[in-house]
2 protein chains.
Amino acid sequence: MAQKPSIPKGTRDFNPEQVAKRNYIFNTIRGAFETFGFQPIETPSFENSDTLMGKYGEEGDRLIFKILESGEYFQKVDRELLERWISLYLVNVYLFKDIFDYLLYRINRTNYAFQSKEELDFYSTDKNCIRYFNLKVDEWVSFLIDSPQVSHKYKSFVKGRNSKFILLVSDFIYQHGLDFKQKNQDKKIINWKLDWANRQILKQFSNDLTSDFEDILDSELKKSKKDFYNYLNKEISGKALRYDLTVPFARYVVQHRHEIELPFKRYQIQPVWRADRPQKGRFREFFQCDADVVGSKSLWQEVEFIQLYDTVFSALKLEGVTIKINNRKILSGIAEVIGAKDRLIDFTVALDKLDKIGEEKVKEEMLSKGILQSGIDKLQPLFSLSGAFESQINGLKSILSTSKEGLKGIEELEFISNAITKLGLQTANLELDVTLARGLNYYTGAIFEVAAPKTVKIGSIGGGGRYDDLTGIFGLKDVSGVGISFGLDRIYLVLEELNLFPETVNKNIDVLFINFGDKEALFSLKAIKQLRANGVNTELYPDKITNSKHMKKQMNHANKRGIPFVVLVGEEEMASNTYTLKNMTSGEQLKVNLEALLAHIK
Amino acid sequence: MAQKPSIPKGTRDFNPEQVAKRNYIFNTIRGAFETFGFQPIETPSFENSDTLMGKYGEEGDRLIFKILESGEYFQKVDRELLERWISLYLVNVYLFKDIFDYLLYRINRTNYAFQSKEELDFYSTDKNCIRYFNLKVDEWVSFLIDSPQVSHKYKSFVKGRNSKFILLVSDFIYQHGLDFKQKNQDKKIINWKLDWANRQILKQFSNDLTSDFEDILDSELKKSKKDFYNYLNKEISGKALRYDLTVPFARYVVQHRHEIELPFKRYQIQPVWRADRPQKGRFREFFQCDADVVGSKSLWQEVEFIQLYDTVFSALKLEGVTIKINNRKILSGIAEVIGAKDRLIDFTVALDKLDKIGEEKVKEEMLSKGILQSGIDKLQPLFSLSGAFESQINGLKSILSTSKEGLKGIEELEFISNAITKLGLQTANLELDVTLARGLNYYTGAIFEVAAPKTVKIGSIGGGGRYDDLTGIFGLKDVSGVGISFGLDRIYLVLEELNLFPETVNKNIDVLFINFGDKEALFSLKAIKQLRANGVNTELYPDKITNSKHMKKQMNHANKRGIPFVVLVGEEEMASNTYTLKNMTSGEQLKVNLEALLAHIK
């Protein structure tokens, strides 16, 4: 093998069977989306980095795949970027070296700094020296920038710098410039260990000034580093692969707001990419299937989304999924009631573990996070919440009686629950789960999560919620959004495990024509044309039979691929304008005309 | 606006209507692919860079979008990459500086080089010096690599270098090291302008040696640069976005060769990305729709692909497309006959312009490219080729009578043409075009291109051909492939221009329920559930009417979106269990029960 081919970790090839199974799920979801009034949009695979960066937290930013600028970027990098690298990393070498060179040049050639012995003496004292440069610094900087003697590197370093910093550096150099002039200038340079020696000399020079200088140098270096990274990112990567479908949708709504009629119900089924560590069921490229509505705060949307989940999973014959629901306002309300409003995240993280670690450990964790015992005591009714939706609601009401926000959350939940009770669900169950907190940072109202039937050990197969300010990140305020997502890969695993894919999902070839020779092939293709026009998936074996082995090979080909019918056309069939049809399962063989052939296969 | 949202140039958002129209084309193509026996596969959006780079020529490599390694890459780059940058770009500064420092150290501290005055004199002559280092160079290199006095930078530079290069550098430094020792060592260093002065001194040192040295230095720098780019590419980008579907398909076939039953007919409809300059009809993200067969050299495949083109374009009602066909063997044959076998590309490029610039100019261009007049004279029959397929074939036969390869090409063309004549085409025309040369570098047999009906000014809307060694790039020899591709974006433009999209293509909402209040909404949703279960795309307006303006707003919403039916449910309807159905086109209004409602809308 010249090159052993493989694909990047976390990505997948899909063979025909897998594609067919995935399409079965996609088509089911798409069909339901459309009957519910959602319309498809598509957005580009990559967005401008600005659009994505900073929208998913620091961790998210790290997991976004950035795209290098097209082929030309090395040319750019060669010149500009190199200058930056050097000015950043070698700054403490070159900075002093350049300034020093410049000063030597000034001192030796033009006598610019000192007009007389008196002036030289005057500037030799620390204070006067600083004062002098303080006055001259702007003039000096512009001289530096214009001077052909000063390197490009240093010029770009000087531009936009803190002038106190420049002053200090200049002053330091000026001092030592004098020093050199008076002593053995050449020898001094040889022993010049700029990277560390400068600071040593600076310390002798003035303790205050040195510490000042070092602080400024540090902050300049940090700034320089940050600038540099921003620059590098912009220069070599201004685009990034889509991380989810929500942010691109928000961007779409704002960008096309004049073409969109609100409320806008859209669905989007496209791949997203995340530089996550790949593991079972977690990939670096995977599809999201999202439906969202923007532009309405009506709770009927939440009702509709629960119906939508029920419709899709019922259509997939995946019965018994649990649609969990919670409300951000209830979590906020509880935190408020127990005096932990500023510890909402700690509180919900601990509460979320109730199922796993039990009541006592949850309480311990809350205590350890600084939630008061008196507050935790008030939570007691929460731990005994159970049973039907309504009885849980009543428990919550007693806990939240003093929280306006909490009561609002209960009201929303009740509205949704009542509507669902009256409308009914086909196969799914709706369950209140006050520990549900996914996407807490984004959601402002309802929070959804769908669990597979309990027999299947797998994480959630769907989720969503309401965010009151979806498009705010792009400057369009007060557009409420609510949406849900289907986890294709996990749904696939569940259907596979429960053997729920329909047998007919893999659209195989219906019939293969054996190729006995060119005349026979031509005769066959005429029939094939008719079969195809009637929607029958038909193939002619491309290579003709020239010996008995070939015949076996072609029949084997049909067997290996599980093709149900084979047609044989020889001299006899051509003469009588018929086709020999072989049922590969039963072995039964029939000689029929074209019409009968079609009828048998269809 | 906080941030004006936009998308990267060359990419597109698709609104619901555009998605529907694109899906109409996709579905038509997909349907035809499947009836012709092709099965779908999907490959990841990004491949390992190794898989793609070098497969599309230099221009192609430049147009491949590379993906940055995930978030952590700066940490890597900080240390390792910097060293590389420096060793590459500052090599002519640091290299000499380091070696020089080392030699000074040796000379001053250990007296390693010279045991006596005699030895020193001995090595001071050019020849002896070189001989000495010639012997010592390996020893010296390993000393350098082990020595703590030698910087990491130089060590990594020395490793794996051309030893003659090291020898020359060492020798040069050695010479001048002696020089320094004897003269004013310190002063010498100060004036040391390494970047250019070294070469000046070298020239004095020995003309032969210098030119030798410079050649080697240049080639080392070039190598260094290439190494560095490869390194950079690997470090910061090991993945790249798919550039076409053919190379990933070849990779797929080789990687999964044990699971695939040959001949393998696959189709693939996925986006590809190219960092091309965007222009009208040319995008940086676009879909390709490819069907290929691998593992058979049968010409029936070519026949099938022509039928497939005809089937798809007929199904799209795009009548009168021209399927142009040529054969690489004919082009090679003609070039052979006119004695321009080594100028095949120049020859075909010129011939390709026949339509645009005419016979005389084509001949001029061929002459200017070094094709002999006597050869061009032999082409005469080619210029008068016209008319039906068969008469063109006859013309070609007379030209190619002496070329075995050319005659083979004619034979292939005749086979295909005869079969197509007998099978017939629905709406397309098959045309021989000896000037057709697309993908000349890849194709080995048939070459296809599809032109839109002549009334539409647009480039080709499809193309393909046969490549005898598709998978050879991945080490699997002798697997012939033949395939075609459909240009989605151009087909879209053609259908748009000719107004060929079916009116029903945009699956709109069928019916909107006006929301008069919560009770009415609930009543409505029960009906909506039934309608949806019957495949009717139905929506409830989410917000309820609380004043007369709202009513107008909801009706307007239906109008703006072109929704054909609206249902109104008020107290009266609820009491009588009926629905008021309004036809938004005719204005007609009916009060009906659920059954009648469904019947009216369906």
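Up top is the structure.
Worth saying up front: this structure is predicted, and the values here are computed from it rather than measured.

## As for the relation of the copies chain A and chain B
Inference 1: You can overlay chain A on chain B at an RMSD of 0.1 Å; the transform is a turn of 180° with a shift of 0.0 Å along its axis. One copy is carried onto the other by what is essentially a two-fold rotation axis.
Inference 2: Both copies contact each other with a shared surface, as 100% of the interface residues of chain A are interface residues in chain B too.

## Overview of the interface of chain A and chain B
Size of an interface, as often reported, equals the accessible area lost when the parts are brought together.
Inference 1: Of the residues lining the interface, 116 residues belong to chain A; the matching set on chain B comes to 116 residues.
Inference 2: Roughly 10,500 Å² of surface becomes buried between chain A and chain B when both sides are summed, with 59% attributable to carbon and sulfur atoms.
Inference 3: The interface formed by chain A and chain B includes six salt bridges.
Inference 4: Between B:Arg532 and A:Glu304 there is a salt bridge, and its shortest N-O distance comes to 2.9 Å.
Inference 5: Summed over the shared surface of chain A and chain B, the number is 32 residue pairs in polar contact (both at pLDDT 80 or more).
Inference 6: Its residues placed into classes, the side of chain A that touches chain B shows 53 nonpolar, 31 polar and 32 charged.

## Details of the packing of helix H14 (residues 300–315) of chain A against helix H23 (residues 518–533) of chain B
Inference 1: Where H14(A) meets H23(B), the closest approach of the two axes is 12 Å, and the angle between their N-to-C directions is 25°. Put simply, H14(A) runs roughly parallel to H23(B). In the packing of H14(A) onto H23(B), the handedness of the crossing is right-handed. Counted together, A:Trp300, A:Val303, A:Glu304 and A:Gln307 of H14(A) and B:Asp518, B:Ala521, B:Leu522, B:Leu525, B:Lys529 and B:Arg532 of H23(B) form the full contact between these two elements.
Inference 2: Partitioning the contact of H14(A) with H23(B) into residue classes produces five nonpolar, one polar and four charged.

## Focus on the packing of aromatic side chains
Inference 1: Under the criterion given, the structure shown has 35 aromatic pairs over all chains.
Inference 2: With a centroid separation of 5.2 Å and 45° between ring planes, the pair formed by B:Phe33 and B:Tyr267 is classed as tilted. Here B:Phe33 is found in helix H1 (residues 16–35), whereas its partner B:Tyr267 is found in strand E5 (residues 264–273), with 234 residues between them in sequence.
Inference 3: Taken together, a centroid distance of 5.0 Å and an interplanar angle of 65° make the contact between B:Tyr309 and B:Phe486 edge-to-face. With B:Tyr309 in helix H14 (residues 300–315) and B:Phe486 in strand E11 (residues 481–487), this residue pair connects regions lying 177 residues apart in the sequence.
Inference 4: Residue B:Tyr309 is classed as buried on the basis of its relative accessible area of 0%.
Inference 5: Under the relative-accessibility criterion, B:Phe486 is labelled buried at 1%.
Inference 6: Geometry around B:Phe38 places B:Lys265 over its ring, the cationic atom sitting 4.9 Å from the centre.
Inference 7: Of note, B:Arg532 hangs over the ring of A:Phe36, and the distance from its end group to the ring centre comes to 3.7 Å.

What counts and what doesn't
Residues numbered from 1 in each chain as written. Chains lettered and ligands numbered in written order. Predicted model: local features only at pLDDT ≥ 70, side-chain atom pairs only at ≥ 80, totals over all residues. Heavy atoms only, no water. Least-squares fit on C-alpha atoms with pLDDT ≥ 70 in both. Contact = heavy atoms within 4.5 Å. Buried area = accessible area lost by both parts, 1.4 Å probe. Salt bridge = Lys/Arg side-chain N within 4 Å of Asp/Glu carboxyl O. Polar contact = N/O pair within 3.5 Å; in protein donor to acceptor, adjacent residues only side chain to side chain. Nonpolar A, V, L, I, M, F, W, Y, C, P; charged D, E, K, R; others polar. Axes fitted to C-alpha atoms, helices over the stretch in contact; angles between N-to-C directions. Helix = DSSP H or I, 4+ residues; strand = E, 2+ residues; numbered from the N terminus. Parallel < 35°, antiparallel > 145°, perpendicular 65-115°, else oblique. Left-handed = near helix turned anticlockwise from the far one by under 90°. Phe/Tyr/Trp six-rings, centres within 6.5 Å; stacked < 30°, edge-to-face > 60°. Buried < 20%, exposed > 50% of the residue type's maximum accessible area, 1.4 Å probe, protein only. Lys NZ or Arg CZ within 6 Å of the ring centre and 35° of its normal.

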